[in-house]
Amino acid sequence: MKLFVSEGNPHCLKVLAALEETGVQCDVQYVNHEERVVPYLSRPALPALLLPSGLYLFSSNAICRYMFEVSGQESSELCNQWLEWEATDFQPALLQALHMAVLQGKGSEAPKVLQGLLNYLDQSLSKGITPYLTGEVVSVSDVVLWAALYPVLSDSSLALGERKFVKAWFDRVAGMHSCKSAAQKVLQGKGLQGMKSYMQRQPAPQSSQCRDTQPCNSSPAEDEEGERVVSEEEMEAAVLTWRKGLNTCPFTTDRQHPILPQEGKRNILVTSALPYVNNVPHLGNIIGCVLSADVFSRYGRLRDWNLLFVCGTDEYGTATENKAREEGLTPQQICDKYHAVHSSIYKWFQIDFDFFGRTTTEKQTEIAQNIFWRLHKHDFLVEETVEQLRCENCKRFLADRFVEGTCPHCSYPEARGDQCDKCGRLINAVELREPQCKVCRQTPVIRSSKHLFLDLPKLETQLEQWLDKSTGTGDWTANAKQITRSWLRDGLKPRCITRDLQWGTPVPHPDFKEKVFYVWFDAPIGYLSITANYTDKWEKWWKNPHQVELYNFMAKDNVPFHSVVFPCSLLGAQDNYTLVNHLVATEYLNYEDTKFSKSRGVGVFGDMAKDTGIPSDVWRFYLLYVRPEGQDSAFSWADMALKNNSELLNNLGNFINRAGMFVTKFFEGCVPAMELQQEDKKLLALVGWELQQYIQLMDKVKIRDALKHILNISRHGNQYIQINEPWKKIKGGDTERQRAGTVTGVSVNIACLLSVMLLPYMPTVSQTIRDQFNAPNSCINTMLEGTGTFVCVLSAGHRIGTVSPLFQKLEVDQIEALKKRFGGQQPEDEPPKKKMTAQSAASTQSATKPAPAAAAGVAAVNGVDPEKAQQLTQAVTEQGEKVRALKAQKAEKAVITAEVAKLLDLKKQLALAEGKSPEPAPQKGKKK
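Residues numbered from 1 in each chain as written. Predicted model: local features only at pLDDT ≥ 70, side-chain atom pairs only at ≥ 80, totals over all residues. Heavy atoms only, no water.

### Comments concerning the overall build of the protein
Turning to step 1, where the next piece is worked out: The helix and strand tally for the protein stands at 33 helices and 20 strands.
Turning to step 2, where the next piece is worked out: Taking all 928 residues of the protein together, 54% fall into the buried category.
Turning to step 3, where the next piece is worked out: Contacts spanning at least 24 positions in sequence make up 77% of the contacts within the protein whose residues lie at least 6 apart.
Turning to step 4, where the next piece is worked out: Accessible surface computed for the protein: about 41,400 Å², of which carbon and sulfur atoms make up 50%. (Helix = DSSP H or I, 4+ residues; strand = E, 2+ residues; numbered from the N terminus. Buried < 20%, exposed > 50% of the residue type's maximum accessible area, 1.4 Å probe, protein only. Contact = heavy atoms within 4.5 Å. Areas by Shrake-Rupley, 256 points an atom, 1.4 Å probe, with all protein chains shown as cover.)

### What to know about the environment of arginine 416
Turning to step 1, where the next piece is worked out: Along the chain, arginine 416 turns up in strand S11 (residues 415–416).
Turning to step 2, where the next piece is worked out: Residues arginine 416 and arginine 401, spaced 15 residues apart in sequence, show a C-alpha to C-alpha distance of 5.9 Å.

### A look at the packing of helix H10 (residues 283–302) against helix H23 (residues 678–699)
Turning to step 1, where the next piece is worked out: Two elements in contact, H10 and H23, have axes separated by 11 Å at closest approach and are oriented at 120°. Our classification of the angle between H10 and H23 gives oblique. In this structure, H10 meets H23 at a crossing whose hand is left-handed. Mapping the contact onto sequence places Val295, Phe296 and Tyr299 in H10 and Tyr694, Ile695, Met698 and Asp699 in H23.
Turning to step 2, where the next piece is worked out: Tallied by class, the residues present in the contact of H10 with H23 amount to six nonpolar, no polar and one charged. (Axes fitted to C-alpha atoms, helices over the stretch in contact; angles between N-to-C directions. Parallel < 35°, antiparallel > 145°, perpendicular 65-115°, else oblique. Left-handed = near helix turned anticlockwise from the far one by under 90°. Nonpolar A, V, L, I, M, F, W, Y, C, P; charged D, E, K, R; others polar.)

### Here's the deal with the sheet that holds strand S6 (residues 306–313)
Turning to step 1, where the next piece is worked out: Reading across from one edge, S7-S6-S5-S17-S18 is the order of the five strands in this open sheet, with parallel pairing throughout. Of all the strands in the sheet, the pair left with one neighbour each is strand S7 (355–358) and strand S18 (582–586). Averaged over all neighbouring strand pairs, the angle between strand axes comes to 20°, with direction disregarded.
Turning to step 2, where the next piece is worked out: Where strand S5 (residues 267–272) and strand S17 (residues 548–555) come together, six bridges link them in parallel fashion. Following the sheet pairing, serine 272 is matched in S17 by phenylalanine 553. (Pairing = 2+ DSSP bridges.)

### Concerning the packing of helix H21 (residues 616–625) against helix H22 (residues 637–666)
Turning to step 1, where the next piece is worked out: Closest axis-to-axis distance for the H21/H22 pair is 10 Å, and the angle between their directions is 105°. Classed by the angle they form, the pair H21 and H22 counts as roughly perpendicular. Contacts between H21 and H22 involve Val618, Trp619, Phe621, Tyr622 and Tyr625 on the former and, on the latter, Trp637, Asp639, Met640, Lys643, Asn644, Glu647 and Leu648.
Turning to step 2, where the next piece is worked out: Considered class by class, the residues forming the contact of H21 with H22 number eight nonpolar, one polar and three charged.

### Structural notes on the confidence of the model for the protein
Turning to step 1, where the next piece is worked out: With 88% of its residues at a pLDDT of 70 or more, the protein has an overall mean of 85.
Turning to step 2, where the next piece is worked out: Within the model, pLDDT remains below 50 along residues 207–226, and this stretch shows 50 contacts once partners closer than five positions in the same chain are excluded.
Turning to step 3, where the next piece is worked out: Low confidence marks residues 826–863, where pLDDT is under 50. Its contacts with residues over four positions away, or in another chain, come to 24 contacts. (pLDDT = per-residue confidence, 0-100.)

### Details of unusual backbone geometry
Turning to step 1, where the next piece is worked out: Looking along the chain, the bond that leaves leucine 46 and enters proline 47 is cis, with omega of 0°.
Turning to step 2, where the next piece is worked out: Structurally, proline 47 is set in the loop between strand S2 (27–30) and strand S3 (48–50).
Turning to step 3, where the next piece is worked out: The residue after histidine 257, namely proline 258, is reached through a cis peptide bond having omega -5°.
Turning to step 4, where the next piece is worked out: Locating proline 258 in the fold gives a position in the loop between helix H9 (232–242) and S5.
Turning to step 5, where the next piece is worked out: The backbone phi angle of arginine 441 is positive, close to 70°, even though this residue is not glycine.
Turning to step 6, where the next piece is worked out: Along the chain, arginine 441 turns up in the loop between strand S12 (433–437) and strand S13 (445–454).
Turning to step 7, where the next piece is worked out: Owing to a relative accessible area of 19%, arginine 441 belongs among the buried residues under this scheme.

### What about the sheet that holds strand S14 (residues 495–496)?
Sheet strands pair via backbone hydrogen bonds, and the direction of the pair is either parallel or antiparallel.
Turning to step 1, where the next piece is worked out: Read across the open sheet, the four strands follow the order S9-S8-S13-S14; overall the sheet is antiparallel. Strand pairing shows two members of the sheet lacking a second neighbour, strand S9 (396–397) and S14, which therefore form its edges.
Turning to step 2, where the next piece is worked out: Sheet topology note: the S13/S14 ladder contains two bridges and is antiparallel. Paired with leucine 454 across the bridge in S14 is arginine 495.

Structure, rendered in structure tokens:
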């Protein structure tokens with residue numbers, strides 16, 4: 001199970017307390033308030049619980065009830081009554097009180113809203129003879145009601161009056177470890193102010209609004225019951241902006257190199273995690289690092305930020321040595337070959353680096369060795385003799401990435417020698433259970449070797465002080481903060497920075513001259529050396545923390561090295577280095593329902609995308625549409641076709657093409673005069689609001705969410721055209737012809753705005769739109785000024801160019817062929833499982849698998865059928881989850897009864913398959 005929560009959300013206080021109190025095993029992931037976790041909901045709903053069956057619970061009370069039931073604590077009728085009262089009576093009043101206290105500064109008035117309800121609770125508790133709401137032990141109703149009351153009863157500024165029975169009960173529950181822990185995690189000791197960010201995203205409460213079964217986690221703009229209400233003031237403001245006209249200074253796409261920080265400008269340094277040179281990047285690598293960074297960089301340039309975007313290939317390490325051995329080349333030749341492959345792929349995807357370099361350079365050696373000596377000088381390096389795994393068959397010490405085994409922490413069978421991908425814990429390779437050399441599959445032996453370590457514990461205080469400031473003022477993604485917190489919580493340990501290899505940056509210390517720097521220490525320094533190869537004034541970027549903002553883009557597995565380890569290297573060097581201000585990490589992008597695998601031919605890799613015949617802009621659009629911002633997502637051919645055909649072709653492309661064709665067909669290629677009516681002003685305000693949301697989200701690097709506002713604008717435009725029917729009005733009298741002209745003129749101007757907003761996402765399509773409309777370049781920097789400026793770009797009389805369709809339909813047979821082509825090997829073609837050589841697999845099979853006749857005999861004994869029992873065990877588990885979920889959601893009794901009957905039947909079948917009696921064992925008397 002996986003529980004999604006957000007800081008400052010009072011509903012999340014309930015579920016975290018319930019989780020700790022019940023001890024249910026469940027992963028917890030912190031996300032932003034606006035994160036849309038539940039895939040079939042169009043609005044945010046937090047907290048949310050992903051069940052093993054794939055179902056979601058997104059009512060906080062239902063989640064709490066579910067957790068208590070899973071732990072064996074059924075809800076009594078009295079307990080359910082309290083939960084119903086909390087949801088229907090107490091929550092609406094509580095939200096109103098919180099809104100007044102947190103957002104309106106009316107803390108003195110807020111208690112009045114709750115007086116009657118608190119009196120009722122106090123009277124009810126006064127009549128009871130048990131310490132808790134429903135009995136002698138804590139129930140789900142105690143946890144839920146305590147969490148609801150916690151924000152107001154724990155804040156001394158709210159004069160709620162003395163109610164001794166409420167206070168005694170509240171203090172009793174609040175004293176439990178589970179509740180203390182949950183309160184600290186959600187509100188972090190900030191009281192009501194810790195909820196401010198969450199409350200600002202909620203609609204203003206009204207009487208009897210907001211039942212807990214429908215959490216208020218959506219903004220007013222996302223109300224699907226009807227479109228956003230626009231005020232007269234907003235319409236008039238939109239018209240004034242519309243009439244402002246264009247900037248006199250045209251936008252220029254030519255950048256003067258080298259780009260250096262400038263006084264009075266916002267100086268942004270953007271890095272994308274350095275891709276390892278010997279791997280061809282797949283779609284997940286591309287969206288996680290370079291594409292996300294490219295979109296943000298393009299946007300930043302449109303905003304007139306002074307921005308430098310650098311990246312390059314990470315080229316040192318054992319993987320390169322092995323690849324060279326496989327291909328019969330030197331490591332340098334391998335690096336040269338694959339650096340060109342990477343460059344070609346990124347060029348096709350239109351990744352607009354200012355400089356794309358590499359780490360096998362003299363600058364890398366010079367800067368890495370300088371940082372090393374400064375760490376040595378300041379006593380942040382320690383020497384230790386360590387045990388390492390050595391493969392006697394390959395005759396060398398094994399780098400971490402070439403050892404695989406069972407994780408000592410979570411027992412994941414494919415943990416790497418440095419980190420477990422499942423639990424995220426760091427590992428020393430010698431700690432792995434059943435280790436294997438990934439090259440030859442032999443078991444390595446342990447040998448001793450002397451190495452240098454970065455003394456992370458000695459730097460921990462400095463690191464924490466810097467992290468508090470950076471995470472508090474910068475835009476760090478929720479997963480980046482969570483992963484970093486978990487590292488610090490576990491305590492930092494010295495980290496080895498040297499390796500017994502040949503291909504790497506040499507360690508300059510005479511006692512370690514046979515060694516090279518470990519890649520995790522060496523590779524991030526590549527950001528500096530790549531910039532140094534771009535300009536000899538690189539220190540103006542990298543030793544200028546007061547003038548430069550640093551954005552790091554990466555996938556979540558790279559977070560610890562960018563948030564803890566590399567910053568410690570730079571802090572310890574004590575050379576005024578620029579440290580990361582904004583750490584932007586994605587989750588993982590999977591391929592269909594599995595992982596990308598080059599060896600098995602599963603998934604689309606960068607060098608294959610251009611062979612599909614699908615334009616790179618469409619690839620960019622879809623990858624950004626499913627960008628894994630708050631949780632893992634998956635590339636799907638069927639979904640890609642759906643999004644292309646619905647969002648690009650029928651929505652965006654349809655609107656822009658129709659607007660242009662009306663000008664060509666009805667007005668001889670010239671934009672008609674526009675006389676704005678109330679309906680037009682309303683549209684301008686709606687479009688202006690979407691533009692503002694787009695800018696706010698892009699400023700915060702919410703790239704996927706910002707894209708939705710582009711598509712919203714074209715939806716507004718299509719609706720506007722459909723309602724006004726200019727193709728009919730053009731055939732009417734002067735008034736109707738004038739109306740057709742206004743609708744057409746407004747529409748082509750919206751199309752110009754869309755071309756600007758699309759530029760970071762689909763640069764070629766963006767340019768094509770502006771070319772078709774002969775739009776002036778100055779429209780680019782005008783539209784994204786300040787909080788957004790939707791002006792009339794194409795005034796009456798402007799002559800447009802030739803209009804043609806922007807997108808093509810992706811046909812079913814085309815998509816099916818591509819899905820088959822990139823689907824990889826069929827199960828019968830798959831190689832033997834890891835951790836087993838072909839020979840050992842064969843011998844194991846022959847030793848353990850009985851002959852068909854014997855197998856049949858075994859299955860027949862006592863009616864035992866192991867294979868069927870395994871299938872039924874899974875079915876019983878899934879049906880049990882379904883029943884518990886229905887109970888937690890308070891489904892109709894008839895529905896629950898039917899599902900319970902199915903569960904009992906499955907359990908009988910399982911008993912028979914296991915050779916047991918299907919009749920239940922006699923029950924012992926239940927404890928009271």
